[in-house]
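Listed below are the residues making up each chain.
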Amino acid sequence: MAKETTSTPVLGLLGAMDDEIRLIRSDLADPRVLPGPCEMVSGRLDGHPVILARSGIGKVNAALAASAMVSAGASAIVFTGVAGAVATGLGIGDVVVGDRFVQHDADGTAFGDPIGQLPGEPRYWVPDPQLRERVQQAAVELSGGGAHAVVCGTIASGDQFIADPAQVTWLRQTFNASAVEMEGAALAQAASHLSVPFAVVRILSDSADGNAVADFPAFLAEASQRDRELAHALVARQ
Ligand code: ADE
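First, a word on what this report is: a plain description of the structure on this page. (Residues numbered from 1 in each chain as written. Predicted model: local features only at pLDDT ≥ 70, side-chain atom pairs only at ≥ 80, totals over all residues. Heavy atoms only, no water.)

Turning next to the nonpolar core. Nonpolar side chains tend toward joint burial in soluble globular proteins. Within the largest apolar cluster, 63 residues are counted, with the highest numbers of intra-cluster contacts made by L13 and L187. Broken down by element, the residue count for this core peaks at eight residues, all from helix α6 (residues 212-236). Look past the residues within four positions of L187 in its chain and what remains in contact with it is L14, A62, A66, I77, F79, S192, F198, A199 and V200. Counting residues in each nonpolar core, the second largest holds 10 residues, with A156, V168, L171 and A177 among its members. (Core = buried A, V, L, I, M, F, W, Y, C linked by side-chain atoms within 4.5 Å. Buried < 20%, exposed > 50% of the residue type's maximum accessible area, 1.4 Å probe, protein only. Helix = DSSP H or I, 4+ residues; strand = E, 2+ residues; numbered from the N terminus. Contact = heavy atoms within 4.5 Å.)

Rendered as structure tokens:
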């Protein structure tokens, strides 16, 4: 009789910068460097198989990394990293779990498409609901009894570091965005085309305003530690 096999899910953990993944990497058991277009390593986190990657910054890098992770065996991808706050009332240290993604720098308006929509693509992408819920539960568990807000909202992505209150207002008014960063919607597009569940969780490192250039690097050490805690909480919920 043929032996029934069930494949073990392999969680893909993705960050753009070294600070977003380095402490997770240091916790991996049996790390093995994988070939690919970016730094990628397989291993076990608290006994669970994972593929960890550092895409580099920006939408193209995020899409390339997602594709490489899926080819290497990731069955789902969660992006953990930092973002700028856009929604009123959110600030540094709060968490946004993406429930909708848009590329704010996509512009086909000359052809009548709404701003943020690439011709032939949806304007908004949505994550896998179960994976998003799992990410949200992990983020709430780590919220320090409410010390940090954890909200679901629209994440706007583009190849721009936003450090201008006028652009923040535009992102809020145009897309009802809660956070802005440089990779999430590209992961959303790539993972959707690859039919792989994805989710994105972002800790707010700055308010995308005139202080963003100073606030962003100052927050990276805390972000590293919180990304690590999120990764452990996520695999525990597998
Ligand atoms: N990632 C973190 N902060 C950001 C900002 N202000 N703009 C774009 N990406 C970011």
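Picking up where we left off.
Before going further, it helps to spend a moment on the site of the ligand. By nearness alone, 13 residues border the ligand, and G84, F161, I162, E181 and D206 come closest of all. With respect to the ligand, the backbone of G84 contributes an N or O atom lying 3.3 Å from a nitrogen atom. Here D206 contributes a side-chain N or O atom positioned 2.6 Å from a nitrogen atom of the ligand. Alone, the ligand offers 260 Å² of accessible surface; in the complex the protein occludes 96% of this. For the shell around the ligand, the secondary-structure elements that each account for two or more residues are β5 (76-85), β8 (177-181) and β9 (198-206). It is β5 that provides the largest number of residues to the shell around the ligand, a total of three residues. Each residue belonging to the shell around the ligand can be placed in one class, and the counts come to eight nonpolar, three polar and two charged. (Near = heavy atom within 4 Å. Polar contact = N/O pair within 3.5 Å; in protein donor to acceptor, adjacent residues only side chain to side chain. Areas by Shrake-Rupley, 256 points an atom, 1.4 Å probe, with all protein chains shown as cover. Nonpolar A, V, L, I, M, F, W, Y, C, P; charged D, E, K, R; others polar.)

So far we have only geometry, and geometry alone does not tell us how the molecule works.
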